[in-house]
Amino acid sequence: MNTYLETNKQRFLDELLELLRIPSVSADSSFKDDVRRAAEFVREKLQTAGLDNAQLYETPGHPIVYAEKMVDPAKPTVLVYGHYDVQPADPYDLWLTPPFEPTIRNERIYARGACDDKGQFYMHIKAIEAMMATDGLPCNVKVMIEGEEEVGSDHLGIFVANHREMLKADVILVSDTSIISNETPSLETGLRGLSYVEVHVTGANRDLHSGVYGGGVANPINVLCEMIASLHDENGRVTIPEFYASVADLSDDERAELAKAPFDLTEYKRDLGINDVMGETGYSTNERTSIRPTLDVNGIWGGYTGEGAKTVLPSKASAKISMRLVPNQTPDEITELFTNHFKSIAPAGVTVTVTPHHGGMPYVTPVDSIEFEAASKAFEDAWGKKPIPTRGGGSIPIMALFEQELGIKSILMGFGLDSDALHSPNESYGLFNYYKGIETIPYFYKHYADLKK
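All of these numbers come straight from a predicted model, not from anything done at the bench.

Caption draft 1: Spotlight on empty space enclosed by the protein. This model, assessed by the stated rule, comprises 1 cavity of 30 Å³ or more. Computed from the structure, the largest cavity encloses a volume of approximately 30 Å³. Residue lining of the largest cavity: G190, L191, R192, S290, I291, V326, P327, R391 and G392, and that is the complete set. Grouping the amino acids of the lining of the largest cavity by side-chain chemistry returns 4 nonpolar, 3 polar and 2 charged.

Caption draft 2: Quick look at the nonpolar core. Grouped together as the largest cluster of nonpolar side chains are 65 residues, with contacts concentrated most on M413, F444 and Y445. The leading source of residues in this core is helix α14 (residues 431-451), at 9 residues. If sequence neighbours within four positions are ignored, M413 has contacts with L173, V174, S175, T177, L187, A375, A378, F379, T440, I441 and F444. By size, the runner-up hydrophobic cluster in this structure holds 26 residues, among which are V247, A319, I334 and F342.

Caption draft 3: Spotlight on helix α11 (residues 331-344). Between its first and last C-alpha, α11 extends 20 Å over 14 residues, near the 20 Å set by a 1.5 Å rise per residue. For α11, every residue scored as buried is listed here: P331, I334, T335, F338, T339, H341 and F342. Residues of α11 that are buried in the fold lie against β10 (193-202), α7 (220-229), β12 (294-302), β14 (316-325) and β15 (351-360).

Caption draft 4: The sheet that holds strand β19 (residues 428-430), seen in detail. If you walk across this open sheet you meet the 3 strands as β4-β5-β19, and the pairing is antiparallel. Either end of the sheet is taken by a strand with one partner, and the two such strands are β4 (103-105) and β19. On average, each strand axis in the sheet is tilted by 30° relative to the strand beside it, whichever way the strands run. The pairing of strand β5 (residues 108-110) with β19 spans 3 bridges and is classified as antiparallel. Its bridge partner lying in β19, I109 is registered against Y429. Each of β4, β5 and β19 is contacted by α14, which is oriented at about 60° to β19, the strand it contacts most.

Caption draft 5: Layout of the pattern of salt bridges. Taken as a whole and judged by the stated rule, the model has 23 salt bridges. Ionic pairing is found between K69 and D52, a salt bridge with its closest N-O pair at 3.3 Å. Of the two residues, K69 is situated in strand β2 (residues 64-69) and D52 in strand β1 (residues 52-57); the sequence distance between them amounts to 17 residues. The class for K69 is partly exposed, based on a relative accessible area of 21%. Look at D52 and you get partly exposed, because its relative accessible area is 34%. As a salt-bridge pair, R292 and E280 come within 2.8 Å of each other at their nearest N and O atoms. A residue pair is termed long-range when its members are at least 10 positions apart, and R292 in the loop between α10 (285-288) and β12 and E280 in the loop between α9 (265-272) and α10 qualify at 12 residues. Residue classification places E280 among the buried positions, given a relative accessible area of 5%. If you follow the salt bridges from partner to partner, you end up with R11, E15, K126 and E129 in one network.

Caption draft 6: Examining unusual backbone geometry more closely. For the bond from D90 to P91, the omega torsion is -5°, close enough to zero to count as cis. Along the polypeptide, P91 turns up in the loop between β3 (77-83) and β4. In this structure, the amide linkage connecting D116 to the following residue, D117, adopts the cis form with an omega of 5°. Along the chain, D117 falls in the loop between β5 and α4 (118-133). One non-glycine residue, N53, lies in positive phi territory at about 55°.

Caption draft 7: The arrangement of the layout of surface pockets in detail. The space that makes up the second largest pocket amounts to roughly 440 Å³. Lining the second largest pocket are 22 residues, and of these P331, G359, G360, M361 and P397 sit closest to its centre. Mapped by element, the contributors of at least two residues to the lining of the second largest pocket are β10, α11, β15 and α13 (398-406). The dominant element in the lining of the second largest pocket, judged by the number of residues it contributes, is β15, at 5 residues. Looking at the lining of the second largest pocket, its residues break down into 9 nonpolar, 11 polar and 2 charged.

Caption draft 8: Quick peek at the side chain of T177. Relative to the helices and strands, T177 is located in the loop between β7 (171-174) and β8 (186-188). One polar contact links the side chain of T177 to the main-chain amide nitrogen of G414, over a distance of 3.2 Å. When residues no more than four places from it in sequence are discounted, the contact partners of T177 are Q120, E188, L191, I396, L412, M413, G414, F415 and G416.

Caption draft 9: Expanded view of the sheet that holds β10. One open sheet accounts for 4 strands, arranged β12-β14-β10-β15; its pairing is antiparallel. In this open sheet, the two edge strands, each paired with only one partner strand, are β12 and β15. Taken pair by pair, the neighbouring strands of this sheet meet at an average axis angle of 20°, ignoring direction. Judged from the 8 bridges that link them, β10 and β15 form a sheet pairing that is antiparallel. Counted as the bridge partner of V199 is V354 from β15. Taken strand by strand, α7 contacts β10, β12, β14 and β15, and its axis lies near 15° from that of β14. α11 contacts β10, β12, β14 and β15 of the sheet and is inclined by roughly 165° relative to β15.

Reading the values: the criteria
Residues numbered from 1 in each chain as written. Predicted model: local features only at pLDDT ≥ 70, side-chain atom pairs only at ≥ 80, totals over all residues. Heavy atoms only, no water. 1 Å grid on protein atoms, 1.4 Å probe; cavity = no way out; pocket = protein on both sides within 12 Å on 5 of 7 lines; lining within 4 Å. Points joined across faces, edges and corners; volume = space filled by probe spheres on them. Nonpolar A, V, L, I, M, F, W, Y, C, P; charged D, E, K, R; others polar. Core = buried A, V, L, I, M, F, W, Y, C linked by side-chain atoms within 4.5 Å. Buried < 20%, exposed > 50% of the residue type's maximum accessible area, 1.4 Å probe, protein only. Helix = DSSP H or I, 4+ residues; strand = E, 2+ residues; numbered from the N terminus. Contact = heavy atoms within 4.5 Å. Expected span 1.5 Å × (residues − 1). Pairing = 2+ DSSP bridges. Axes fitted to C-alpha atoms, helices over the stretch in contact; angles between N-to-C directions. Salt bridge = Lys/Arg side-chain N within 4 Å of Asp/Glu carboxyl O. Polar contact = N/O pair within 3.5 Å; in protein donor to acceptor, adjacent residues only side chain to side chain.

If you want it as structure tokens, here you go:
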């Protein structure tokens with residue numbers, strides 16, 4: 001196995017770079033053809049790797065790529081999930097090199113999607129290829145790679161519900177998360193959910209001269225800023241009534257276990273270029289970003305932002321707001337609470353609309369399962385040390401739906417780093433992490449097959 005990996009190392013990298021050159025931005029319709037081109041690329045590579053039935057399944061949105069290799073009905077079946085779509089690369093001017101011209105600097109691949117999630121799901125294709133070319137697959141494998149994860153996986157749920165038999169498996173393997181560091185491997189045992197909304201505050205029926213009307217009518221930008229500012233109190237807690245009513249608090253013992261993960265606050269601030277951290281009082285930085293719910297403005301706009309001056313009171317101001325959710329919170333519940341509260345705090349001089357975009361349920365996977373044990377042993381084989389269980393702060397909305405529709409758990413076996421700049425300019429993925437992932441994944445199959453006997 002190791003000989004095969006070493007012999008094909010450069011080819012594995014070249015193929016990933018080719019995939020990264022495809023601007024598969026699912027959120028922007030102008031990239032629709034490129035998104036499909038990425039799907040075709042993945043289908044072709046699954047077929048070349050030796051999997052059967054590699055094909056595209058059409059959806060009302062972007063296609064889903066599926067392939068499988070059923071070696072023995074008596075063996076366990078692993079369903080690999082990932083996504084070939086990527087976040088928009090804007091703002092382009094903040095990239096040191098073009099986002100869709102992958103560049104290797106300091107042993108890292110810089111490109112949009114390098115870590116999230118092209119680099120991570122492609123490891124699985126290469127690991128499966130390596131297993132089939134050497135010792136053979138110890139498990140059956142099914143691979144499902146979608147093209148809408150970055151826009152809420154709207155059509156994947158319908159696809160899963162309509163293809164339960166085809167997707168029948170014993171465990172889902174996902175690489176779309178991170179490890180603590182290249183020296184300290186970890187396995188995420190949970191992810192936060194998500195409620196994402198867009199708000200609009202409208203004042204007068206047209207933009208107004210700020211000298212003629214300023215001070216006499218509501219300025220939607222001023223109002224929106226005041227409304228947003230009121231959504232947190234002085235202790236960093238969200239002020240929406242009942243926002244915390246369903247939150248599942250961790251016990252002192254559970255918090256103590258999570259605190260065992262190494263964390264250097266000085267290095268954390270240095271990496272981000274900040275002087276201090278902030279957040280909910282009474283919780284550590286790691287807890288604030290994993291086990292506590294949040295509310296953040298992701299974008300805000302209105303009025304004149306071009307060159308020079310234009311003295312205007314805008315007719316409308318808007319913002320995009322995301323709320324990360326923890327176990328027992330549901331996106332529908334939180335979206336409704338937000339909508340009712342946000343409209344209630346609007347002053348009489350404006351009207352407010354709230355448009356929900358997408359959401360997802362929080363997800364927790366047990367650490368006492370055969371599947372988790374197999375993943376832990378795989379990391380131990382590759383790193384020489386046991387991985388530390390952690391909680392992730394991000395969201396993969398489809399995880400809870402997989403469990404609901406297929407009745408199986410997912411293992412979050414990620415290899416990225418928090419410093420990979422996901423969703424930001426200059427996203428990157430370490431060559432070490434890419435190759436280490438390809439090395440580690442086959443160990444999971446080996447241990448899982450042994451433990452399931």
